[in-house]
Amino acid sequence: MPDLHVVVLAAGKGTRMRSRVPKVLHELAGQRLLDRVLATAATLEPRSTTVVVGHDAAQVRAAIGPQLDGAGITVVVQEPQLGTAHALLSTRAAIGRAAGTLVLLSGDVPLLTSATL
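Computed from a predicted model, the values in this text were never measured in an experiment.

Rules behind the numbers
- Residues numbered from 1 in each chain as written.
- Predicted model: local features only at pLDDT ≥ 70, side-chain atom pairs only at ≥ 80, totals over all residues.
- Heavy atoms only, no water.
- Salt bridge = Lys/Arg side-chain N within 4 Å of Asp/Glu carboxyl O.
- Helix = DSSP H or I, 4+ residues; strand = E, 2+ residues; numbered from the N terminus.
- Buried < 20%, exposed > 50% of the residue type's maximum accessible area, 1.4 Å probe, protein only.

**Q** How should I be thinking about the pattern of salt bridges in this particular structure?
**A** Pairing is possible between side chains that carry opposite charge, provided their charged atoms lie close to one another. Within this structure, the stated rule accounts for three salt bridges. Here Asp3 makes a salt bridge to Arg47, at a shortest N to O gap of 3.5 Å. In this pair, Asp3 sits in the segment before β1 (4–10) while Arg47 sits in the loop between α1 (33–42) and β4 (48–53), placing the two residues 44 residues apart along the sequence. Exposure remark for Asp3: the relative accessible area of 33% places this residue in the partly exposed category. With its nearest N and O atoms 3.0 Å apart, the salt bridge here joins Lys23 to Asp108. Linking Lys23 in the loop between β1 and β2 (27–28) with Asp108 in the segment after β6 (101–106), this pair joins segments that are 85 residues apart in sequence. Relative accessible area serves as the criterion here: at 22%, Lys23 is assigned to the partly exposed category. By relative accessible area, which is 29% here, Asp108 ends up partly exposed.

Right under this line is the structure:
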């Protein structure tokens, strides 16, 4: 089976939510949206996982922090924020010349299941 790489987009501002908390850090049933997405992605046993942060990058990075140790998660900052395609392009250095399949996920889809992936 070819290598699998996951990119999670977590740079959005969440303007429509009208909250000071970054969208991906809002909780659903006691767990942050981003944590749910990362847990689901981990069930795929990817060779690499890259999270793109932008708006309130330091706060999102700090929230991911405990998961970075030994989890193979790389965090990249999208600066400036120029949209979804640009967010994916910002992972270029982190992913390098990796081969295989890339699974692109949004950090705000907490109900996504491993069966769907």
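Back to the write-up after that little detour.
**Q** Where do I start with unusual backbone geometry in this structure?
**A** Most peptide bonds are trans, and most residues other than glycine sit at a negative phi. Omega for the peptide link from Glu79 to Pro80 comes to -5 degrees, which places this bond in the cis form. One non-glycine residue, Ala29, adopts positive backbone phi at about 55 degrees. Positionally, Ala29 belongs in the loop between β2 and β3 (31–32). The class of Ala29 is exposed, set by a relative accessible area of 73%. Unusually for a residue other than glycine, Glu45 sits at a positive phi of about 50 degrees. The topology assignment puts Glu45 in the loop between α1 and β4. We classify Glu45 as exposed; its relative accessible area is 69%.

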